[in-house]
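# What the coordinates show
Each chain, letter by letter, is given below.
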Amino acid sequence: MTTAALERGTRTARWTVRVLVLVALIWTLVPLGWMLLSSLKATGEVTAPTPSLSFAPTLENYRRLFSGGNSLWPYLRNSVVAAGASALLATALGALAGYGLARSRMRGKHHLSFWIISTRMAPIAAVVLPIFLIFRYLGLIDTLPGLVLAYLSFNLPFAIWLLSAFFAEVPPSLEESALVAGCGNWQAFRHVILPLTRPGLVTTFVLCLVFSWNDYAFALVLSGPHTQTLPIAASQLVTQTGIDWGQLTAIGTVVVIPMMLVGLAVRRWLVTGLTMGAVTGE
């Protein structure tokens, strides 16, 4: 193959990648942008037969969400507490268990790792009834600790499996050097291993946070009047008498924006973590 043919092939591949990225961006951003614009329209404009990009923006939909007797603030607080606590606990416990799994020399370690992540593969519909019966017996229905534990039951296996892969990338010689220098096992883990796997920790936390933030099934079954989350609040806008599209797009924006901001804030660590490049090795 000649040099000219190679260059043409390279240019074709480059433009193909650019077109695919552009299509993916349009596929992702256009619905989000349309939802944001719709949330800034008056009720009549949202349901108009002919959509228009020319309108007078209004915050009426957001004012209606956060005022009155059915304010969105309690739902937002419950989502922040339940999702945040679950993600923190999953990351902390997953770091300890994942490190032990990565450094263990036990037989069948890979089978154990697969069994751990297989518990995450179970459909929520298959486990929600047993969890409901257990939580009802323990008095955890309509409590934030109950929601945190429910989210943790699915986040923790994922955190262990993901973090064990990051810890396995860290050369054991780094820990041995720290131990020779006088550090204990906990000090070596805290001051050597954790800083090197920071992208993995951030990635795990963000993904667990997103899983919990977007959950609907657990919140529907296990929450009550005092612990309902944002997805439940959104579902309540769809009634037999109609759909309040203005408030629905507004609450959709409220649900999406915090996770987008979190992703942008930690994008450097998130990209590194998702590409499994946190540690380069020796």
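As a starting point, this report considers the structure included with it. It should be emphasised that the depicted structure is a prediction, and the values quoted were computed from it without experimental measurement.

## Notes on a nonpolar patch on the surface
On the surface, Val17, Val21, Leu25 and Leu29 cluster together into a nonpolar patch covering about 340 Å² of accessible area. Following the sequence through the fold, Leu25 ends up in helix α1 (residues 3–39).

## Things to note about the environment of Thr28
With respect to the secondary-structure elements, Thr28 resides in helix α1. From its side chain, Thr28 meets the backbone oxygen of Ala24 in a polar contact 2.9 Å long.

## Considerations on the packing of aromatic side chains
Applying the stated criterion across every chain yields a total of seven aromatic pairs. Each ring, one from Tyr99 and one from Phe167, has its centre 5.7 Å from the other, and the planes form 85°; the classification is edge-to-face. Taken together, the residues span a long stretch of sequence, with Tyr99 in helix α4 (residues 73–103) and Phe167 in helix α7 (residues 144–169) at a distance of 68 residues. Its relative accessible area of 1% is what places Phe167 among the buried residues. Centroid distance Phe154 to Phe218: 5.6 Å. Interplanar angle 85°. Geometry classified as edge-to-face. Within this pair, whereas Phe154 is found in helix α7, its partner Phe218 is found in helix α11 (residues 217–222), the two being separated by 64 residues in sequence. On the basis of relative accessibility, which here comes to 9%, the residue Phe154 falls in the buried class. Site record: aromatic cluster; members linked through ring pairs are Tyr99, Phe167, Trp186 and Phe189. A cation over an aromatic ring shows up here: Arg18 above the ring of Trp15, its NZ or CZ 4.8 Å from the ring centre. Above the ring of Trp34, the side-chain terminus of Lys41 is found at 5.0 Å from the ring centroid.

Here is what the cut-offs are and how they apply
Residues numbered from 1 in each chain as written. Predicted model: local features only at pLDDT ≥ 70, side-chain atom pairs only at ≥ 80, totals over all residues. Heavy atoms only, no water. Patch = residues over 30% accessible without salt bridge, like charges linked within 9 Å, V, L, I, M, F, W, Y side chains within 5 Å. Areas by Shrake-Rupley, 256 points an atom, 1.4 Å probe, with all protein chains shown as cover. Salt bridge = Lys/Arg side-chain N within 4 Å of Asp/Glu carboxyl O. Helix = DSSP H or I, 4+ residues; strand = E, 2+ residues; numbered from the N terminus. Polar contact = N/O pair within 3.5 Å; in protein donor to acceptor, adjacent residues only side chain to side chain. Phe/Tyr/Trp six-rings, centres within 6.5 Å; stacked < 30°, edge-to-face > 60°. Buried < 20%, exposed > 50% of the residue type's maximum accessible area, 1.4 Å probe, protein only. Lys NZ or Arg CZ within 6 Å of the ring centre and 35° of its normal.

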